[in-house]
Amino acid sequence: MQYQEASEILAQHEQSQILRFWDSLKEEDRECLLKQISDLDFNSIAKMRNLLEQRDVEARSPQTGEMTPAPVSELHGEAHDAAARIGSFEIRNGRVAAIVVAGGQGSRLGYDGPKGCYPIGPVSNAPLFYFHARKLLGLGKEWGSTIPLYVMTSQTNDAETRKFFKDNAYFGLNANDVFFFSQGMWPALTPEGEIILEEPARIFLSPDGHGGTLAALDKSGALADMKKRGITTVFYFQVDNPLVEVADPAFIGFHLQNLADISIKVCAKRSPEEGLGVAVERDGKIEIVEYTEFTTEQKNERTPSGELRYKYGSVAIHVFSTAFLKREAKAGLPIHLAFKKVPYCGDNGKTVAPSKPNAYKFEKFIFDTLADSKATCCLAFDRADEFAPVKNAEGNDSPATCKAALVAKWARWLEACGVKIPRGADGAPLHNIEIDPAFAHSEHALKLRLASSKIKIDTSKDILLS
Ligand code: UTP
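Just so it is clear, the structure is predicted and the values come from calculations on it, not from any experiment.

The rules behind the values
Residues numbered from 1 in each chain as written. Predicted model: local features only at pLDDT ≥ 70, side-chain atom pairs only at ≥ 80, totals over all residues. Heavy atoms only, no water. Helix = DSSP H or I, 4+ residues; strand = E, 2+ residues; numbered from the N terminus. Rg over C-alpha atoms; globule rule 2.2 N^0.38 Å. Buried < 20%, exposed > 50% of the residue type's maximum accessible area, 1.4 Å probe, protein only. Contact = heavy atoms within 4.5 Å. Areas by Shrake-Rupley, 256 points an atom, 1.4 Å probe, with all protein chains shown as cover. Lys, Arg positive; Asp, Glu negative; His and termini not counted. Charge placed at Lys NZ, Arg CZ, Asp CG, Glu CD. Core = buried A, V, L, I, M, F, W, Y, C linked by side-chain atoms within 4.5 Å. Axes fitted to C-alpha atoms, helices over the stretch in contact; angles between N-to-C directions. Parallel < 35°, antiparallel > 145°, perpendicular 65-115°, else oblique. Left-handed = near helix turned anticlockwise from the far one by under 90°. Nonpolar A, V, L, I, M, F, W, Y, C, P; charged D, E, K, R; others polar. 1 Å grid on protein atoms, 1.4 Å probe; cavity = no way out; pocket = protein on both sides within 12 Å on 5 of 7 lines; lining within 4 Å. Points joined across faces, edges and corners; volume = space filled by probe spheres on them. Polar contact = N/O pair within 3.5 Å; in protein donor to acceptor, adjacent residues only side chain to side chain. Near = heavy atom within 4 Å. Arc of directions from axis to C-beta. Phe/Tyr/Trp six-rings, centres within 6.5 Å; stacked < 30°, edge-to-face > 60°. Lys NZ or Arg CZ within 6 Å of the ring centre and 35° of its normal.

Student: Even after reading the chapter, I still don't get the overall build of the protein chain, so can you show me in this structure?
Tutor: Of the regular secondary structure elements, the protein chain holds 14 helices and 20 strands. Taken over C-alpha atoms, the radius of gyration comes to 24 Å for the protein chain, in line with the 23 Å a tight globule of 466 residues would show. Dimensions of the protein chain, computed from the C-alpha atoms along their principal axes, are close to 75 × 50 × 50 Å. When burial is assessed residue by residue, the protein chain has 52% of its 466 residues classed as buried. Counting contacts in the protein chain only where the partners sit at least 6 residues apart, residues at least 24 apart contribute 75% of the total. Surface summary for the protein chain: the accessible area is close to 21700 Å², and the carbon and sulfur share equals 49%. When the 55 basic and 62 acidic side-chain charges of the protein chain are each reduced to a single mean position, those positions are 5 Å apart.

The following block contains the structure:
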């Protein structure tokens, strides 16, 4: 794209301010800016501006039907085993893939690097990516098959993420079975709808939300790659939860038993105020309603037995059929906006970091695909076993709570295998414990592994089984 063309397009879309430093830019900076301008998606930007104009009226389409809690299934005993057999059969036949979304900015954690590189192993300090990759390795070994991993990055962390996998020998996975793809980036707008420059020659861009996964899967060729491999079912999860049972055979089997387009794992909310999206049913469809859209009264509503009426929250653990992903990739999800602090370029060309929100960022949400799902199922899980995300630097959902949850889970596994774990007065194990998922990816796998080996576990110090 040349200056003249850029200038005309920007004028047509009332965004000429982007070129306001043009005369003072060096040649290479001009090229970068022109490239950014040519990448702008003005269709989406028009939708964003529309959304901005309506923000005080009603951003979402009005919901009319009565909202009730979504029906949620539980899997125990023979029902669990039957579902697990179906899921394992699919894994064994190479029809299952996993997608990890790792394009987020990790701003609450404040970690300088891709969140998946964050060290979380309670003994080894191994990174988040390690636990996900090794779980796939363990499952693949068990079933004599490969579960390809699709890693969604963003422009900001793509190169670093690829390098990290390479430097760590793909954590034992075959490099050909790890497919990186980058989500889209969107500009931020001032309340008046102007695109923000971060530097004289750089437009501020941020990832287009986890809903960006769908278009990115299509654009990157990941969907075509899945087709080539004969993948029909995809397990989707977020990078910041090392407890997740990646490619859980029972969940996959449950999804297939129900001929679902999407299945959602849900868990009981910690408290009425916990900020998880809640699974509800409205007009015959399952939806995830954001925490912020619930009134205080709704959040606190109880059933006669004293349980929260809207008890089940979604933690973004899903199974999708690839046919549905393919349809949705073309569908175009709704856009959501949030008022945030966005660094901007002052008139003197210097970047200003605002102390309070000054502009709108836009995102797509993966759960908006539910509106198009012909069959959606919700499955309850125990959060102590499967959910302890690393979101904040301290307090709830921090590295400390996540490591404690990992240690507690592995202590339960070891105890189920007959190992006596010393515990302190608060009930927590006295020493750190870590089990490489490629050594044992489940309690059952650990039992088999310990029974068939001569490993002596010294419980008087930290335990690392790998
Ligand atoms: P979060 O919004 O909870 O985490 O996204 P974050 O983006 O890592 O951190 P904050 O909000 O800036 O503090 C949940 C998951 O979705 C992924 C993240 O990588 C994380 O696994 N995600 C989020 C994306 O892949 N892309 C996005 O645009 C947003």
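Student: Would you explain the nonpolar core in this entry?
Tutor: If you look at soluble globular proteins, the nonpolar side chains tend to sit buried side by side. Ranked by size, the top nonpolar core spans 73 residues in total, and within it Val151, Phe165, Leu414, Ile435 and Leu446 carry the most contacts. Listed in part, the 35 residues of the second largest apolar core include Ile99, Leu217, Leu325 and Phe367.

Student: Before we go on, may I ask you to explain the packing of helix H13 (residues 399-416) against helix H14 (residues 443-452) in this structure?
Tutor: When two helices pack together, their arrangement is given by the angle between the helix axes and the distance between those axes. Where H13 contacts H14, the axes come no closer than 9 Å and their chain directions differ by 50°. Put simply, H13 runs oblique to H14. Along this stretch, H13 crosses H14, giving a crossing that reads as right-handed. Of H14, the residues touching H13 (which contributes Trp413, Leu414 and Ala416) are Glu443, Leu446, Lys447 and Leu450. Per-class residue counts for the contact of H13 with H14 are 5 nonpolar, no polar and 2 charged.

Student: How do you make sense of empty space enclosed by the protein when you look at a structure like this?
Tutor: Gaps between atoms show up when a probe of the same size as a water molecule is rolled over them. Tallying each qualifying case throughout the model produces 4 cavities of 30 Å³ or more. Its volume calculated, the largest cavity comes out at about 60 Å³. If you go around the largest cavity, the residues you meet are Lys135, Pro242, Leu243, Glu245, Leu406, Lys409, Trp410, Trp413, Ile435, Pro437, Ala440 and His441. The element that contributes the greatest number of residues to the lining of the largest cavity is H13, accounting for 4 residues. Residues of the lining of the largest cavity, tallied by class, amount to 8 nonpolar, 1 polar and 3 charged.

Student: For this particular structure, what's the right way to read the side chain of Asn241?
Tutor: Among the secondary structure elements, Asn241 is positioned in the loop between strand S9 (233-238) and helix H9 (249-257). At 2.9 Å, the side chain of Asn241 and the backbone oxygen of Glu386 are in polar contact. With residues near it in sequence (within four places) discarded, Asn241 still touches His132, Ile317, Glu386, Phe387, Ala388 and Pro389.

Student: For this particular structure, what's the right way to read the site of the ligand?
Tutor: Around the ligand sit 18 residues, and of these Gly103, Ser107, Arg108, Gln183 and Lys391 come closest. Contact distances for the ligand include 2.9 Å between an oxygen atom and a backbone N or O atom of Val101. Measuring from an oxygen atom of the ligand, one finds a side-chain N or O atom of Lys115 at 3.1 Å. Isolated, the ligand exposes 550 Å² of accessible area, and the fraction of that covered by the protein chains is 88%. For the shell around the ligand, the class distribution of residues is 5 nonpolar, 9 polar and 4 charged.

Student: For this particular structure, what's the right way to read helix H11 (residues 322-329)?
Tutor: Note that an α-helix has 3.6 residues per turn; residues three or four places apart therefore point the same way. Residues Thr322, Phe324, Leu325, Glu328 and Ala329 constitute the buried set of H11. Considered in projection along H11, the buried side chains sweep an arc of 155° and stay on one side of the axis. Each element contacted by the buried residues of H11 is listed here: strand S2 (96-101), helix H7 (213-219), helix H8 (222-229), S9, strand S10 (262-268) and strand S13 (312-321).

Student: It is not clear to me how the environment of Leu256 should be interpreted in this structure. Could you clarify?
Tutor: For Leu256, the location among the structural elements is in helix H9. A C-alpha to C-alpha distance of 11 Å links Leu256 and Ala82, two positions 174 residues apart in sequence. Setting aside its immediate chain neighbours within four residues, Leu256 contacts Ile86, Glu90 and Thr233.

Student: What should I look at first to understand the packing of aromatic side chains in this one?
Tutor: By convention here, two paired aromatic rings are described through the distance between centres and the angle between planes. A full pass over the atoms with the stated rule returns 18 aromatic pairs. A ring pair is formed by Tyr3 and Trp22, whose centres lie 4.8 Å apart and whose planes are at 35°; its orientation type is tilted. Residue Tyr3 is found in helix H1 (residues 3-12), and its partner Trp22 is found in the loop between H1 and helix H2 (27-39); the two are separated by 19 residues along the sequence. Look at Trp22 and you get buried, because its relative accessible area is 10%. Consider the rings of Phe165 and Phe180, whose centres lie 5.2 Å apart with planes at 80°: the pair is edge-to-face. Placement of the pair is Phe165 in helix H6 (residues 158-167) and Phe180 in strand S4 (residues 178-182), with a sequence separation of 15 residues. As far as burial versus exposure is concerned, Phe165 and Phe180 are alike and both buried. Connected via pairs of aromatic rings, a cluster forms that spans Phe129, Tyr130, Phe131, Phe164, Phe165, Tyr170, Phe171, Phe180 and Trp410. Note that Lys299 overlies the ring of Tyr291, its terminal NZ or CZ placed 4.1 Å from the centroid.

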